[in-house]
Structure formats: structure tokens, C-alpha cells
Amino acid sequence: MKEKSQEIDRFLVDLLTRVGEDLRKDVTKHKQVDTKSGPNDLVTNFDKSTEKMIVTTIKKQYPNATIVSEEGFGDDVKSMDGLVFFVDPIDGTMNFVKCHESFASMIGVYLDGKPFVAAIIDVMQKKIFHGGPEIGVFQNGKKLSQPDDIELKDGLVVISGPMVLKNYLNTQEVVHKSSGLRVLGCAGVVFKHVMTGKEVLYMSYLRPWDLAAGRVLCETLGLKVVGVDGEPVNMLKSQVVIVGTQKVVSEVLQTVKNSN
Ligand code: 2AM
Ligand code: CA
């Protein structure tokens with residue numbers, strides 16, 4: 001199993017290295033931008049071409065695997081049996097279009113429902129976070145250690161902007177109890193910050209491809225990933241997810257309870 005983890009880890013790092021090289025060229029090119037669920041939910045021709053390339057490469061190397069992906073080039077996956085790849089070709093498409101930085105590409109791999117291997121590239125910073133429970137987590141090949149179990153009062157938090165504005169699930173109280181709020185617009189960049197101890201909480205409504213890679217890497221580093229009921233998340237559903245240090249997640253679950 002460890003050898004299989006290492007093999008897929010190398011495959012993901014090679015693949016996202018190639019994706020990063022392409023997207024750094026694409027970022028300043030003219031883009032065809034369309035909206036999906038609303039005016040701030042964007043998709044470009046590069047989200048689609050990148051996903052096509054990733055899906056084709058996975059299918060060639062792992063023909064028996066199934067693929068859950070954002071732009072529709074994957075499979076209609078109903079079961080977590082076997083090897084399942086979750087693909088977000090461009091995470092933070094709004095940042096890709098408007099800021100030309102702080103966007104990512106993410107692939108999370110699960111084996112029979114369990115986190116197995118994952119990789120996230122911060123494209124403009126050329127930083128790849130990769131690994132899994134059998135091998136540990138690495139930043140461009142250098143092993144990361146577990147972040148400290150910091151309390152809410154001592155850490156910065158990232159919560160989705162709309163959730164805080166509506167005080168959904170008592171999120172404003174979480175912000176008040178913390179060192180401060182940050183909103184970054186890219187799940188992959190937030191996972192990177194939580195893994196390296198820069199922020200202690202990420203709370204957002206996430207789709208399977210927004211969460212899959214971050215969950216593998218964060219759990220491997222001893223961080224907690226749960227739904228608002230405190231239970232493990234269902235990887236084939238979209239839901240509000242709480243990711244953070246053990247202490248912070250306990251405090252946030254209590255605050256959520258107080259909103260009921
Ligand atoms: P995306 O760019 O891959 O869509 C901030 O916008 C973060 O939330 C990004 O990681 C973005 O991922 C994701 N996101 C955007 N729209 C979303 C939606 N309707 N539901 C869930 N996540 C969304
Ligand atoms: Ca995306």
C-alpha cells in the first residue's frame with residue numbers, strides 16, 4: 001500500500017507540475033469567461049481544457065479508477081469503491097481571472113472511501129503540497145511537520161464571505177473570538193495556510209472537488225475535518241465543512257450548536 005501511495009504521489013506531482021507550467025502561460029491570455037450557478041461562479045476555457053488534460057492523463061494511467069470532476073469530463077460516480085480521483089482543474093477561478101494569482105489546481109485520491117493520496121499546487125508560487133496518510137505530507141518534496149494545536153483566540157480564521165455576512169451558523173461569533181478574519185477566494189490556498197499553521201480554521205460550503213485533496217493532506221497532518229454536526233463528511237455530497245486544529249474545531253462546533 002505504501003508503494004502504491006508513493007507511485008500515485010509521484011504521478012500527481014508530475015501531473016500538477018505540468019498543469020502549473022501551462023496555467024502560468026494561460027493566466028495573462030485572453031479568456032472566454034462564462035458563469036455557472038451565479039454571477040460570481042465562473043468557468044473559463046482554461047478550466048475546461050485543463051480538466052480534459054488531467055482526466056485523459058488519469059484514465060490512461062489508471063483505467064479502472066473513477067473520476068469526480070468539476071467541469072463534467074469525469075464520470076458519474078455513485079460509489080466510493082476502488083480508486084476514486086477528485087479533480088478541481090482551477091480552484092479560485094475568480095482569482096485566476098481578476099488577480100492573476102492565488103489560484104490552485106487540486107487532485108484528491110480515495111481508496112475504498114478512505115483518504116489515500118493528494119496534491120495541491122499554488123500555481124503562481126510554484127508550491128506543490130502532496131502526500132497522504134501512508135507517506136506523510138510534503139511541500140515540493142520536503143516533509144512538513146504537524147501544525148501546533150492552537151486555540152481559536154490565538155489564530156486567524158478563514159470563513160466564506162457570504163456565510164459571515166449572513167451570520168450563518170453563528171460564524172460572526174467565531175470571528176469575534178479569533179485573532180481575525182481572512183477571506184482568500186481559493187480553497188487550495190486556504191488548505192496550504194492551515195497546513196502550515198498560518199490560519200487555524202477554514203469553514204465554507206464545499207463541493208467534493210473543493211474538499212477532496214485538502215481533506216487528505218489536512219487529516220494526515222493531524223488536523224480535523226468534519227461537517228457541522230461534527231461527523232465525518234460524505235465525499236460525494238456538497239456541504240458546509242469545518243477544517244482546523246483539534247481545539248479550534250471543538251470550539252467552533254460548540255458555537256454552531258449555540259446557533260440552533
Ligand atoms: P472554484 O473556483 O473551483 O469554483 C471561493 O470562491 C472558493 O469557493 C473557491 O475555492 C471556489 O472554487 C469555491 N466556490 C466557488 N463557488 C462555489 C459554490 N457555488 N459552491 C461551493 N464552492 C464554491
Ligand atoms: Ca474549479
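What you see is a predicted model, and the numbers here were worked out from it, not measured in a lab.

Rules and cut-offs
Residues numbered from 1 in each chain as written. Chains lettered and ligands numbered in written order. Predicted model: local features only at pLDDT ≥ 70, side-chain atom pairs only at ≥ 80, totals over all residues. Heavy atoms only, no water. Helix = DSSP H or I, 4+ residues; strand = E, 2+ residues; numbered from the N terminus. Buried < 20%, exposed > 50% of the residue type's maximum accessible area, 1.4 Å probe, protein only. Contact = heavy atoms within 4.5 Å. Donors = N, O, S within 2.8 Å, 3.2 Å for Na, K, Ca; no water. Phe/Tyr/Trp six-rings, centres within 6.5 Å; stacked < 30°, edge-to-face > 60°. Lys NZ or Arg CZ within 6 Å of the ring centre and 35° of its normal. Core = buried A, V, L, I, M, F, W, Y, C linked by side-chain atoms within 4.5 Å. Domains from an automatic or database assignment. Axes fitted to C-alpha atoms, helices over the stretch in contact; angles between N-to-C directions. Parallel < 35°, antiparallel > 145°, perpendicular 65-115°, else oblique. Nonpolar A, V, L, I, M, F, W, Y, C, P; charged D, E, K, R; others polar. Near = heavy atom within 4 Å. Polar contact = N/O pair within 3.5 Å; in protein donor to acceptor, adjacent residues only side chain to side chain. Areas by Shrake-Rupley, 256 points an atom, 1.4 Å probe, with all protein chains shown as cover. 1 Å grid on protein atoms, 1.4 Å probe; cavity = no way out; pocket = protein on both sides within 12 Å on 5 of 7 lines; lining within 4 Å. Sits in = over half its atoms within 2 Å of the grid points.

A. Molecular detail of the side chain of Arg215. In this fold, Arg215 is placed in helix α7 (residues 208-220). Assessed through its relative accessible area of 10%, Arg215 is described here as buried. Apart from residues no more than four positions distant in its own chain, Arg215 is found in contact with Tyr110, Pro115, Val225, Val233 and Met235.

B. Main features of the coordination of the calcium ion (ligand 2). At this site the calcium ion (ligand 2) is bound by Glu70 (OE), Asp88 (OD) and Ile90 (O), with donor distances of 2.1 to 2.3 Å. In the primary sequence, the donor residues of the calcium ion (ligand 2) line up as E-x17-D-x1-I. With Glu70 in the loop between β3 (66-69) and β4 (83-91) and Ile90 in strand β4, the pair connects residues that are 20 residues apart, well separated along the chain. Given the relative accessible area of 14%, Glu70 is considered buried.

C. How the structure looks around the packing of aromatic side chains. Taken as a whole and judged by the stated rule, the model has six aromatic pairs. Relative to Phe96, the ring of Phe46 has its centre 6.2 Å away and its plane inclined at 85°; by these criteria the two rings are edge-to-face. With Phe46 in helix α2 (residues 45-61) and Phe96 in helix α3 (residues 93-98), this residue pair connects regions lying 50 residues apart in the sequence. Of the two residues, Phe46 and Phe96, both sit in the buried class. On the basis of an interplanar angle of 75° and a centroid distance of 5.4 Å, the ring pair of Phe86 and Tyr110 is categorised as edge-to-face. Here Tyr110 lies in strand β5 (residues 104-111) and Phe86 lies in strand β4, a separation of 24 residues in the sequence. By the ring-pair criterion, three or more aromatic residues cluster together here, those being Phe11, Tyr62 and Phe85. We note Lys31 situated over the ring of Phe96; from NZ or CZ to the ring centre the distance is 5.0 Å.

D. Examining the nonpolar core more closely. With 37 residues, the main nonpolar core has Phe86, Ile120, Phe191, Met195, Tyr202, Leu211 and Met235 as its most contacted residues. Put simply, the parts of the chain that give this core at least two residues each are β4, β5, β6 (114-122), α6 (187-195), β12 (201-206), α7 and β14 (239-244). The element best represented in this core is α7, accounting for seven residues. Looking at this core, you find at least three residues from each of domain 1 (2-143) and domain 2 (152-257). Excluding anything up to four places from it in sequence, Met195 contacts Ile120, Phe129, Val137, Pro147, Leu217, Cys218, Leu221 and Leu223.

E. Focus on unusual backbone geometry. The phi torsion at Asn140 lies on the positive side, around 45°, for a residue other than glycine. Checked against the element boundaries, Asn140 lands in the loop between β8 (136-139) and β9 (142-143). Even without glycine at this site, Asn167 takes up a positive phi of about 55°. Within the secondary structure, Asn167 is located in the loop between α4 (161-165) and α5 (171-177).

F. How the structure looks around the packing of α6 against α7. Where α6 contacts α7, the two axes come as close as 10 Å, and the packing angle between them is 10°. Judged by the angle between their axes, α6 and α7 are roughly parallel. Residues Ala187, Phe191 and Met195 of α6 form the contact with α7, whose participating residues are Asp210, Leu211, Gly214, Leu217 and Cys218. Partitioned by chemical class, the residues of the contact of α6 with α7 number six nonpolar, one polar and one charged.

G. Spotlight on the site of ligand 1. Looking at ligand 1, there are 14 residues lining it, with Asp91, Gly92, Thr93, Ala187 and Arg207 nearest. Between ligand 1 and the protein, one listed contact pairs an oxygen atom with a side-chain N or O atom of Asp91 at 2.5 Å. A distance of 3.0 Å separates an oxygen atom of ligand 1 from a polar atom in the side chain of Arg207. Burial of ligand 1 by the protein chains amounts to 75% of its free accessible area of 470 Å². Comparing atom positions with the cavity grids shows ligand 1 to sit within the largest pocket. Ranked by residue count, the leading element in the shell around ligand 1 is β4, at three residues. When the residues that make up the shell around ligand 1 are grouped by side-chain class, the tally is four nonpolar, four polar and six charged. There are two domains that each give the shell around ligand 1 at least three residues, and those are domain 1 (2-143) and domain 2 (152-257).

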